[in-house]
Each structure stands twice: as C-alpha cells, then as structure tokens.
Amino acid sequence: MCYGDDACFVARHRTADVLGVADGVGGWRDYGVDPSQFSGTLMRTCERLVKEGRFVPSNPVGILTAGYCELLQNKVPLLGSSTACIVVLDRTSHRLHTANLGDSGFLVVRGGEVVHRSDEQQHYFNTPFQLSIAPPEAEGVVLSDSPDAADSTSFDVQLGDIILTATDGLFDNMPDYMILQELKKLKNSNYESIQQTARSIAEQAHELAYDPTYMSPFAQFACDNGLNVRGGKPDDITVLLSIVAEYTD
Amino acid sequence: MPPVFPMLTVLSMFYYMCLRRRARTATRGEMNSRRAIESNTRALPINVEIVQYAKEVLDFSSHYGSENSMSYTMWNLAGIPNVYPSSGDFTQTAVFRTYGTWWDHCPSARLPFKRTPATFCSQDYVELAFEEPVYPTAVHILETYHPGAVVRILACSANPYSQNPPAEVRWEVLWSEAPTKVNGPQARQFTPSIKQINFPTNLIRLEVNSSLLDYYTELDAVVLHGVKERPVLSLKASMIDMNDIDEDEDEEKYGCGMDALNKQFSIVALREWPSNGYFDKLPYELIQLILSHLTVPDLCRLAQTCKLLYQHCCDPLQYIHLSLQPYWARINDTSLEHLQSRCTLIQWLNLSWTGNRGAISVSGFSRFLKVCGSELVRLELSCGHFLNETCLEVITEMCPNLQELNLSSCDKIPPQAFNHIAKVGSLKRLVLYRTKVEQTALLSILNFCSELQHLSLGSCVMIEDYDLIASMMGAKCKKLRSLDLWRCKNITENGIAELASGCQLLEELDLGWCPTLQSSTGCFTNLARKLPNLQKLFLTANRSVCDTDIEELAANCTHLRQLDILGTRMVSPASLRKLLESCKDLSLLDVSFCSQIDNRVVLELNANFPNVFIKKSFTQ
C-alpha cells in the first residue's frame with residue numbers, strides 16, 4: 001500500500017543549509033481530503049522561504065510558523081494536517097538549530113553513537129502534534145497545534161557528524177541500533193555513499209514494516225500501552241541523510 | 001566612383017541627422033569619439049550583453065497579498081520566475097490590488113481629474129532595482145496570468161545602491177502604449193521594443209493599467225538585457241523616423257528632465273501685441289472654457305504666446321482642479337514654487353506618486369500648502385514617501401475645508417502622526433490603505449470626523465483591535481457609505497454587529513481575507529438583514545461563507561452589484577441561483593476556488609444570467 005503523504009525539502013541560502021520533513025496525517029482521506037496536499041504545500045512553502053532568505057538560521061520554529069501562515073494566505077482552500085521537522089545548519093557558527101512538531105524527527109550521530117535526538121510529541125497514542133487547517137464546521141474538533149508548540153534545540157556540530165532526519169515511518173520500524181549499524185557502513189562523505197546508505201536504511205525499514213512477527217519499536221510502544229500487537233507499521237518512509245563536511249561551492 | 005557617391009551621400013545624410021540629434025544631448029568629449037562614425041569602416045567594440053533578473057522590489061503602489069507574506073505580493077517580482085511558463089493564479093507571483101473597472105463602478109469610486117494627458121493612463125506601478133547599471137537593450141516581462149496590463153516602462157538615472165545621493169534624478173520612458181485587450185489568461189513573455197537611452201540604469205519602473213483585463217494580472221519576473229558600455233549607434237536603425245525627430249524637437253525645447261517642465265511653469269510676462277484678432281471678441285469665460293481642455297504643460301506653453309493668453313493661463317480659475325500625477329517624474333520643489341501663485345484658489349490637488357527620491361522636500365510642500373491650502377477640498381497624496389508628521393500637521397492646519405484625503409501606501413508616515421487628521425472635522429473621504437496608522441489615532445479620527453462617508457483601512461497592520469474600531473464607527477460615523485476592511489486581521493462578529501447597527505447607510509463593505517469572521521456566529525446574516533442598501537460586498541477567502549448567507553443576501557440585499565466569495569467550500573449552485581434571480585443588478589460574482597462551483601456550473605449560470613460577470617480563477 002502506497003500512501004505518498006510524506007514530503008520533504010532541502011534548500012540553502014547564504015550561510016545556512018536547511019532540511020525539512022513533513023508527514024501528512026492519513027485520516028483525512030476518509031473525509032475526501034488528499035493528505036499529501038497539506039504536507040507537500042507546507043514543505044514547498046518552507047523551501048521557498050529559505051531560498052528567498054525570509055528566515056533566521058537560529059530560529060527554525062520561525063520557518064514553520066511563517067510557512068504555516070503562508071498556507072493560510074493561499075486562495076486555494078487547503079485542508080489537512082501534518083507533522084513537521086526542520087533542521088538548519090548554520091555554516092558560520094557551526095551550530096545546528098532544529099524545530100520539531102509531532103513524531104517525525106532527527107538523530108545526530110557522532111563516533112557511532114547518538115549524541116542528539118528529537119523527542120516525539122504525542123497527544124496520545126498514535127496522535128502526534130500536528131499543524132492543521134480544518135474546514136470551518138470542524139474547527140475546535142480537529143486537532144490543531146500551533147507552530148509555537150514545536151520543540152526547538154540548538155547545539156554545536158563537528159565535522160563528520162551524521163544528521164538523519166526522517167518521518168515516523170523510519171523510527172517506528174527501525175530501532176536506533178539498527179540505524180547505527182547501517183550508518184557504520186558509511187565510509188566516506190561523497191554524495192553516492194550517502195545516497196546509498198539512505199536508500200538502504202529506508203529499504204530496510206520498508207521490509208521490516210511488512211514483517212508481521214517483527215517486534216518493531218511501534219509494536220513495543222503499543223504493548224507498553226496495553227495494546228497486544230506485533231509486527232511492523234506500514235507507512236510512508238522518508239529519510240534525509242546528511243553529513244557535516246568541508247564546505248565546497 | 002559613380003556608384004559610391006550616392007551611397008556616401010545617403011550615409012552622410014543619415015549620419016548628419018543622427019549626429020545633430022546626438023549633439024543636443026552629447027558632451028564635447030562624446031562628440032569627438034563620434035567622429036569615428038563618419039568613416040565608413042569602423043571596428044565595433046565588443047560590448048558584452050548582461051542579462052539580469054530584478055534584485056529587489058523597491059517600491060510599489062499596491063498589491064493583493066498581505067504585508068508580511070510572500071503570497072501574491074509585489075516582492076515576488078524580484079528574482080527568477082517561479083511559475084512561468086505555466087499559466088494560472090499562483091501564490092508566487094506579483095499581483096496588484098485591483099483589476100478591470102469594478103472599482104470605478106462602486107460607491108467608493110472617485111471622480112477622475114480632468115485634463116489628464118491621453119498618454120498617461122497608469123493605475124499602479126512597481127519599481128525594481130537590478131544589480132548592475134546597464135544601457136538597456138531589451139526588457140522581458142514574464143506575465144503568468146491575464147497578461148497585458150503593462151503600459152509604461154521607465155528607467156532611472158539614479159543608482160539606488162550608490163552611497164552618495166544622486167546629483168540629478170532623471171526618468172526616461174523606455175516604452176509606452178495604451179492598454180490593449182489581450183485575449184485569454186495564458187502566460188506570455190512580453191518584450192516591447194524599447195528606446196535607447198544615453199545613461200546606464202539599474203532602476204526600472206513598470207506602470208500598469210488593468211482596466212481591460214478580465215481578472216487580476218500576475219507578473220512573475222522582469223528580465224533586463226543591457227550592455228555596460230554605451231552602445232555605438234548601430235546601422236540597424238536605418239529608417240529615419242520623422243516622428244522620432246519631431247519628438248526630439250520637443251525634447252530640445254522642453255527636455256525630459258525636470259528643468260524643462262519647470263521652465264514651462266515659470267512663465268515670463270511677454271510684451272503686449274497690438275491686437276489679438278478674434279480672441280479680443282470672445283468673452284473671458286469662453287476663453288477660459290476653451291483653455292480648460294488643455295493639459296497643464298500645454299497651458300504653460302500657450303501662456304508664452306501673447307499677453308492676453310498669458311493672463312488667461314495664469315488665472316487661478318484655471319487651477320481649481322490640478323493633477324500633477326501624470327508628471328510625477330518631473331515635479332519638484334521648484335515646480336510647486338512656480339505654480340504657487342496660480343493655485344491660490346485650488347480645490348482639488350493630485351500629487352500622488354510625486355516627490356520621491358528627494359524631489360519634494362517637507363519645507364517645499366509645506367510652503368505650497370501655506371499659500372494654497374485654504375480652499376483645498378480634495379488632496380491626493382498616494383505613494384507620497386516624502387510625507388512625514390510635519391506634512392500631516394501642515395495639511396490639517398492649512399486646509400480647514402478638506403473633505404477628501406488620500407494617503408494610500410504612504411508608509412513612511414509614523415503611526416502617531418495620524419492623530420493630526422482628527423482636527424479635520426469636515427473629512428468625508430479618508431484613504432489609509434497600507435499606512436501605519438495606529439489604534440489611538442484612528443479612534444480619535446473616528447470620534448471627530450463624523451462626516452466620514454468613505455473610509456479605507458485596507459492592510460492597516462498597526463491596528464490592534466478592529467472590533468473596537470468598528471464599535472467607534474458604529475457610534476460616531478453614521479454617514480458611512482463605504483468601508484474597506486480588507487485584511488483586517490482580527491475583526492469578529494461583535495465588530496460586525498456594531499457596524500451593522502450603527503452604519504445603516506453602508507453601501508459598500510470589503511471584508512476580504514478577514515479570517516476571524518465565522519459564518520456560524522450569524523455575522524453575515526446580520527449584515528444582510530441590517531444593510532439592505534449594500535451594493536458591494538467582498539467576503540474574499542472567508543472559508544465559512546455558506547448557503548444560508550447567500551440566501552440571506554438574496555432575500556435582503558437586492559441592490560447588490562458586486563459580490564466576491566472566493567475560496568469557500570460551503571456554497572452550492574442552488575443558493576447562487578437564488579441570489580442571481582433576486583439581485584437583478586448583480587454584475588460581478590467571484591466564485592474562484594469555490595469547491596462546489598465548477599466550470600460546468602459557471603457556464604450554466606452564465607447562460608441563464610448573461611449580464612453577470614462570473615469569475616472563476618484557476619491554478620493548473
């Protein structure tokens with residue numbers, strides 16, 4: 001089953017490189033709304049904000065807020081909701097600034113270990129924080145978190161740090177140690193190797209998602225909450241893999 | 001030999017005419033280098049063409065989008081195109097606030113100034129800065145929706161990025177044409193053939209007129225082709241255009257700089273002629289009437305012919321209504337000084353678009369108003385970026401009879417300066433679109449200006465509480481006929497209720513893009529029931545407008561002429577049919593992006609109600 005509700009972008013402006021992922025909430029499909037429209041438009045709008053320099057590198061929440069506000073300025077009546085995770089690398093200060101709303105997220109791996117990670121934001125089981133635009137009659141009923149509710153962090157990064165940004169399709173199916181195993185195979189920081197590793201991570205997660213007996217992180221969490229389930233969680237999987245490297249034009 | 005002679009003669013004739021033309025504007029040094037042209041063989045210097053997109057949008061008169069947004073705002077005109085060659089109504093384009101003639105046919109429409117020269121029909125403008133000054137060889141305008149609005153392209157001699165203020169700011173028209181109807185909304189690259197100019201420029205201005213268009217025009221990018229070195233006269237221009245030369249005669253006499261216009265204004269008294277022929281037999285009033293059809297520069301030229309006409313042309317009765325907007329590029333302090341003595345009785349003054357880049361100073365403006373403000377009834381100062389608090393103070397003190405004040409897009413006026421406007425108790429029309437007027441000042445204005453009939457607060461972002469503003473309006477501005485609350489971010493049903501109860505004479509109400517109005521509160525029903533005189537109602541992008549609201553409008557507002565319900569999912573064809581049947585005067589209905597109203601429905605409605613323009617925009 002292919003959902004296609006995830007969206008992502010990569011953009012740069014002057015001293016900053018910006019990555020973003022968004023996971024469209026599939027439940028809208030039941031009401032005749034295409035869930036990919038919201039996440040896709042949100043990511044494209046954030047990308048345009050970055051390319052046009054309408055942001056501050058140390059304030060990724062600002063990118064989300066501005067992006068969300070722009071969605072409301074569209075003549076087209078957009079509907080839907082999504083999580084969002086924005087990661088900004090400021091090349092001059094060597095700092096990583098992040099904003100995360102919902103259950104997408106990022107990992108920072110240094111020397112084979114996770115040194116930073118995002119926290120999942122959930123209201124309750126399988127209901128992450130989400131930006132949304134609801135039809136007027138459903139306002140108040142539909143979950144709609146403010147962009148300000150996003151978690152934001154800032155920290156220094158070093159050459160060689162691996163930053164993995166992904167939607168929950170990855171984290172729900174692949175625990176950290178498996179991800180780290182794959183990342184160990186990354187020998188150098190050229191584009192092809194990174195592309196290869198990202199692909200293999202996503203493919204592995206995809207396989208695990210359809211394994212009915214596998215105790216996925218999602219199943220583990222469900223069990224911890226009293227739901228007796230096993231197996232992976234079929235979902236869209238988006239993986240953005242990046243390495244902090246020497247700057248070349 | 002014989003075959004060569006005629007050739008040389010023709011060529012040298014051609015060069016002679018071009019040299020003569022150049023001589024008027026060239027310096028001696030340039031003349032010397034032009035001697036090289038006279039020989040038949042010359043080596044053309046390699047002049048590399050530079051192609052640039054606009055670096056920055058510096059100034060503009062209006063736009064559709066919100067002040068902090070990148071959707072449908074003028075800033076999208078800078079940089080590479082985002083949409084072209086696709087056609088459609090996209091957020092990433094530059095869109096002006098109005099189109100067609102709809103704004104000329106609603107209660108807030110203003111009477112035009114007479115004596116507008118036929119060559120000036122611009123309604124909006126945008127100014128773009130490019131990185132490198134060049135001698136323009138071509139300008140491409142990428143239009144992505146309803147093209148055909150551009151009517152003038154101008155180039156400025158001042159470099160907006162230079163540290164030193166320019167010695168002289170000169171604008172030259174690169175191309176100009178009356179608006180023509182372009183069929184269809186499809187994207188196009190517009191490349192008019194532009195005139196060669198003799199200064200490098202990196203500041204281009206587009207002026208538009210959308211009156212012939214069916215919907216909003218949208219521009220994606222502007223490309224400037226030019227060369228760094230002044231181009232040598234090319235043999236391509238081998239047709240000797242008589243019109244061109246005539247224009248040059250004019251240029252010589254009147255120039256294209258400010259000095260020339262000011263020279264015209266500064267009419268010098270002439271010696272008396274013994275007889276003025278038939279003019280001596282015509283009554284004074286008749287000559288005045290004839291002269292009233294001349295544009296102001298022509299009036300000034302006529303004044304130089306004889307003493308009788310000088311007397312007529314300097315009569316303040318010829319300057320009761322004066323529009324200097326068509327001459328915005330050439331009006332400065334000196335112009336105002338020259339005009340002062342003739343404008344003592346002036347009642348309508350249009351200085352929109354004038355005075356920027358240092359052309360008019362605060363003191364020059366103040367001096368003029370001190371002499372000429374006493375009878376002023378209507379003052380247009382749209383896009384007057386030179387205006388500051390002192391100017392507002394002077395206006396309100398020197399113009400006790402002021403009834404109409406237009407400060408549209410005067411974004412340099414500080415928020416508290418608007419307090420002065422409250423002193424003008426006779427105000428009937430006030431336009432504050434895109435200004436920084438703040439809450440207290442506006443409340444003060446509404447409190448004291450109880451004669452207000454037309455008020456525009458579109459995109460006034462510094463107002464914190466529109467409900468309070470509406471409440472004050474409902475209490476104090478009982479004569480209000482038109483109200484523009486476009487993009488007023490926080491007005492709610494409470495404000496609407498106060499407005500509907502207090503301003504019963506309202507005929508025009510623009511509530512476009514006001515996100516905090518919810519149909520479920522009954523606010524639109526309330527409006528419909530309390531304001532039966534409504535002719536124009538814009539509920540653009542209010543996603544909660546529903547069938548009930550349309551039905552209430554149909555039942556109560558039968559004089560409705562213009563309705564915009566863009567972007568709602570909740571209105572069905574059935575309620576629209578009821579509306580169209582009930583409101584016989586309806587001429588504009590915008591149902592763009594209304595999910596239930598597809599093209600088939602529009603066609604059907606068009607067939608049954610042929611007098612209504614039903615607009616349905618598209619994005620694909």
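Residue numbers run consecutively from 1 along every chain, following the written order of its sequence. Labels are handed out in written order, letters beginning with A for the chains and numbers beginning with 1 for the ligands. For this predicted model, a pLDDT threshold of at least 70 governs which residues receive local features, and a threshold of 80 or more governs which side-chain atom pairs are given and counted, while totals over whole chains, interfaces and linings are taken from all residues. Only hydrogens and water are set aside; all other atoms, that is, all heavy atoms of the structure, feed into the side-chain values.

- The name given to chain B in an unreviewed UniProt entry is F-box and leucine rich repeat protein 4, with the source organism recorded as Chrysolophus pictus.

- By the naming in an unreviewed UniProt entry, chain A is Protein phosphatase, taken from Columba livia.

1. Some thoughts on the overall build of chain A
Here is step 1 of the chain: Comment: elements are numbered from the N terminus, with helices defined as DSSP H or I runs of at least four residues and strands as E runs of at least two. On a plain count of helices and strands, chain A comes out with 6 helices and 13 strands.
Here is step 2 of the chain: The reference for a compact globule is 2.2 Å times residues^0.38; the radius of gyration itself is calculated from the C-alpha atoms. Taken against the 2.2 N^0.38 rule, which gives 18 Å for 249 residues, the C-alpha radius of gyration of chain A at 18 Å falls within 12% of a compact globule.
Here is step 3 of the chain: Dimensions along the principal axes, computed over C-alpha positions, put chain A at roughly 50 × 45 × 25 Å.
Here is step 4 of the chain: When the 249 residues of chain A are sorted by exposure, 53% land in the buried category.
Here is step 5 of the chain: Residue contacts follow a heavy-atom distance rule, with two residues in contact if any of their heavy atoms lie within 4.5 Å. Contacts spanning at least 24 positions in sequence make up 69% of the contacts within chain A whose residues lie at least 6 apart. For every residue, the accessible area (1.4 Å probe, protein chains only) is compared with the maximum for its type, and the residue is labelled buried under 20%, exposed over 50%, or partly exposed between those bounds.

2. Focus: the overall build of chain B
Here is step 1 of the chain: The secondary structure content of chain B amounts to 17 helices and 21 strands.
Here is step 2 of the chain: The buried share among the 620 residues of chain B stands at 55%.
Here is step 3 of the chain: Relative to all contacts within chain B whose residues are 6 or more apart in sequence, the contacts with residues 24 or more apart total 80%.
Here is step 4 of the chain: Approximately 26300 Å² of chain B is accessible, and the part contributed by carbon and sulfur atoms is 54%. To be clear on the numbers: accessible area is Shrake-Rupley with a 1.4 Å probe, and residue cover counts the displayed protein chains and nothing else.

3. Notes on the pattern of salt bridges
Here is step 1 of the chain: Any carboxyl oxygen of Asp or Glu that lies within 4 Å of a side-chain nitrogen of Lys or Arg is treated as forming a salt bridge with it. Under the definition given, this model contains 39 salt bridges over all chains.
Here is step 2 of the chain: One salt bridge in this structure joins Arg95(A) and Asp156(A), with 3.0 Å as the shortest N-O distance. Of this pair, Arg95(A) sits in strand S5 (residues 95–101) while Asp156(A) sits in strand S11 (residues 151–156), and the two are 61 residues apart along the sequence.
Here is step 3 of the chain: Glu380(B) is the partner of Arg378(B) in a salt bridge, and the nearest nitrogen-oxygen pair spans 2.7 Å. When sorted by exposure, Arg378(B) lands in the same class as Glu380(B), which is buried.
Here is step 4 of the chain: One salt-bridge network, in which partners are shared between bridges, spans Arg110(B), Arg378(B), Glu380(B), Glu404(B) and Arg429(B).

4. As for the side chain of Thr45(A)
Residue and element names in this part refer to chain A.
Here is step 1 of the chain: In this fold, Thr45 is placed in helix H1 (residues 35–51).
Here is step 2 of the chain: Take Thr45: its relative accessible area is 12%, and that puts it in the buried class.
Here is step 3 of the chain: Among the polar contacts listed, one links the side chain of Thr45 to the backbone oxygen of Thr41, at a separation of 2.6 Å. We define a polar contact as two N or O atoms separated by no more than 3.5 Å, with the added condition that, inside protein, one atom must be a possible hydrogen donor and the other a possible acceptor, whereas residues neighbouring each other in sequence contribute only through side-chain atom pairs.

5. Things to note about the interface of chain B and chain A
How big an interface is tends to be expressed through the accessible area that disappears when the partners come together.
Here is step 1 of the chain: Facing 28 residues of chain B, the contacting portion of chain A comprises 16 residues.
Here is step 2 of the chain: Buried area: the sum, over both parts, of the accessible surface (1.4 Å probe) that disappears when the two are put together. Regarding the contact of chain B and chain A, the summed buried area is about 1800 Å², with carbon and sulfur atoms giving 53% of it.
Here is step 3 of the chain: It is Met70(B), Arg543(B) and Arg569(B) that lose the most area in chain B upon contact with chain A, and together they represent 37% of the buried surface on that side.
Here is step 4 of the chain: On the surface where chain B and chain A come into contact, there are 1 salt bridge.
Here is step 5 of the chain: Where chain B touches chain A, the interface holds 14 residue pairs in polar contact (both at pLDDT 80 or more).

6. What about the environment of Arg188(B)?
All names here are of chain B.
Here is step 1 of the chain: The residue Arg188 is located in strand S7 (residues 188–190) in this model.
Here is step 2 of the chain: Put simply, Arg188 and Ser87 are 101 residues apart on the chain and 8.5 Å apart in space, counted from C-alpha to C-alpha.
Here is step 3 of the chain: If near-sequence neighbours (up to four positions away) are discounted, Arg188 is found in contact with Tyr84, Ile141, Leu142, Glu143, Pro147, Gly148 and Val182.
Here is step 4 of the chain: Reaching out from Arg188, the side chain makes a polar contact with the side chain of Glu143 at a distance of 2.7 Å.

7. Considering the packing of helix H11 (residues 439–448) of chain B against helix H12 (residues 466–476) of chain B
All names here are of chain B.
Here is step 1 of the chain: As a rule, the C-alpha atoms of each element are fitted with a line to give its axis, helices using only the stretch in contact, and angles between N-to-C directions run from 0 to 180 degrees. Packing of H11 against H12 brings their axes to within 9 Å, and their N-to-C directions diverge by 10 degrees. Considering the angle they form, H11 stands roughly parallel to H12. Listed contacts from H12 to Gln439, Leu442, Leu443, Leu446 and Asn447 of H11 are Leu468, Ile469, Met472, Met473 and Lys476.
Here is step 2 of the chain: A class-by-class count of the residues in the contact of H11 with H12 yields 7 nonpolar, 2 polar and 1 charged. Each angle is binned into one of four classes, with values under 35 degrees roughly parallel, values over 145 roughly antiparallel, values of 65 to 115 roughly perpendicular, and all other values oblique. Ten residues, namely Ala, Val, Leu, Ile, Met, Phe, Trp, Tyr, Cys and Pro, are considered nonpolar, four, namely Asp, Glu, Lys and Arg, are considered charged, and the remaining ones, Gly among them, are considered polar.

8. Focus on the sheet that holds strand S12 (residues 162–166) of chain A
Hydrogen bonds along the backbone pair up the strands of a sheet, which may run parallel or antiparallel.
Residues and elements named next belong to chain A.
Here is step 1 of the chain: For two strands to be treated as a pair, DSSP must find at least two bridges joining them. On the basis of which strands lie adjacent, the open sheet formed by 4 strands has the order S7-S6-S12-S13 and antiparallel pairing. Both edges of this open sheet fall to strand S7 (113–117) and strand S13 (239–243), since each of them pairs with a single strand only. Strand-to-strand twist of the sheet, defined as the mean angle between neighbouring strand axes without regard to direction, takes the value 25 degrees.
Here is step 2 of the chain: In this sheet, S13 lies alongside S12 in antiparallel orientation, the contact comprising 5 bridges. Bridging from a neighbouring strand, Leu164 pairs with Leu241 of S13.
Here is step 3 of the chain: Sitting on the sheet, helix H5 (residues 191–209) is in contact with S12 and S13, with an inclination near 145 degrees to S13.

9. Some details on the sheet that holds strand S2 (residues 16–23) of chain A
All names here are of chain A.
Here is step 1 of the chain: One open sheet accounts for 5 strands, arranged S1-S2-S4-S5-S11; its pairing is antiparallel. A strand with exactly one partner marks an edge of an open sheet, and here the two such strands are strand S1 (6–13) and S11. On average, adjacent strands in this sheet sit at an angle of 10 degrees to one another, irrespective of strand direction.
Here is step 2 of the chain: For strand S4 (residues 84–90) and S5, the ladder comprises 7 bridges, and the chain directions are antiparallel. Residue pairing for S5: Cys85 is matched across the bridge by Asn100.
Here is step 3 of the chain: Against the sheet, H1 contacts S1, S2 and S4, and its axis sits at roughly 0 degrees relative to S1.

10. Let's talk about the UniProt feature "domain: F-box" (unreviewed entry) in chain B
Here is step 1 of the chain: In the numbering used here, UniProt assigns the feature "domain: F-box" (unreviewed entry) to residues 276–331 of chain B.
Here is step 2 of the chain: The annotated region residues 276–331 of chain B carries 41% helix and 5% strand content, and the separation between its end C-alpha atoms amounts to 33 Å. UniProt positions are given in the numbering used here, feature names are shortened, and annotations may be inferred rather than shown by experiment.

11. Notes on the packing of aromatic side chains
All names here are of chain B.
Here is step 1 of the chain: When two rings of Phe, Tyr or Trp (its six-membered ring) have centres within 6.5 Å they constitute a pair, described as stacked for plane angles under 30 degrees, edge-to-face for angles over 60, and tilted for the intermediate range. Going through the model one piece at a time under the given rule, you end up with 22 aromatic pairs over all chains.
Here is step 2 of the chain: On the basis of an interplanar angle of 75 degrees and a centroid distance of 5.3 Å, the ring pair of Trp175 and Phe190 is categorised as edge-to-face. Of this pair, Trp175 sits in strand S6 (residues 171–176) while Phe190 is found in strand S7, placing the two residues 15 residues apart along the sequence.
Here is step 3 of the chain: Relative accessible area serves as the criterion here: at 15%, Phe190 is assigned to the buried category.
Here is step 4 of the chain: One aromatic cluster is present, built from ring pairs that chain together Tyr64, Tyr72, Tyr99, Trp103, Tyr145, Tyr215, Tyr216, Trp486, Trp513, Phe538 and Phe618.

12. Quick look at the pairing of strand S9 (residues 218–227) of chain B
Residues and elements named next belong to chain B.
Here is step 1 of the chain: Of all the 10 residues making up S9, 10 are buried; the element is thus mostly covered by neighbouring parts of the structure.
Here is step 2 of the chain: Pairing geometry for strand S1 (residues 49–53) and S9, over 5 bridges, is antiparallel. Each residue of the ladder has a partner; that of Gln52, found in S9, is Leu224.
Here is step 3 of the chain: Examined bridge by bridge, strand S3 (residues 94–95) and S9 share 2 bridges and lie antiparallel to one another. Opposite Ala94, over in S9, you have Leu219 as the bridge partner.

13. With respect to helix H6 (residues 296–303) of chain B
Here is step 1 of the chain: All buried positions along H6(B) are accounted for by Val296(B), Pro297(B), Leu299(B), Cys300(B) and Ala303(B). One side of H6(B) carries all its buried residues, which in axial view fall inside an arc of 160 degrees. Arc definition: directions from the helix axis to the C-beta atoms.

14. So, a nonpolar patch on the surface
Residue and element names in this part refer to chain B.
Here is step 1 of the chain: Taken together, Phe279, Leu282, Leu286, Leu289 and Ile290 make up a surface patch of nonpolar side chains, about 410 Å² in accessible area.
Here is step 2 of the chain: Mapped onto the elements of the fold, Leu286 is located in helix H5 (residues 284–291).
Here is step 3 of the chain: Using a relative accessible area of 36% as the deciding quantity, one classes Leu286 as partly exposed. A patch is a set of surface residues, each over 30% in relative accessible area and not in a salt bridge, joined within 9 Å for like charges and within 5 Å for the nonpolar side chains Val, Leu, Ile, Met, Phe, Trp and Tyr.

15. Description of the nonpolar core
Here is step 1 of the chain: Side-chain atoms within 4.5 Å are what join buried Ala, Val, Leu, Ile, Met, Phe, Trp, Tyr and Cys residues into a set we call a nonpolar core. Core analysis: the largest hydrophobic core is formed by 114 residues, its most contacted members being Leu407(B), Met473(B) and Leu579(B).
Here is step 2 of the chain: Apart from the residues within four sequence positions on either side, Met473(B) is in contact with Leu446(B), Leu455(B), Leu457(B), Lys478(B), Leu480(B), Leu483(B), Leu499(B) and Cys503(B).
Here is step 3 of the chain: Counting 44 residues, the second largest nonpolar core, distinct from the first, contains Ala7(A), Ala16(A), Ile63(A) and Leu78(A).

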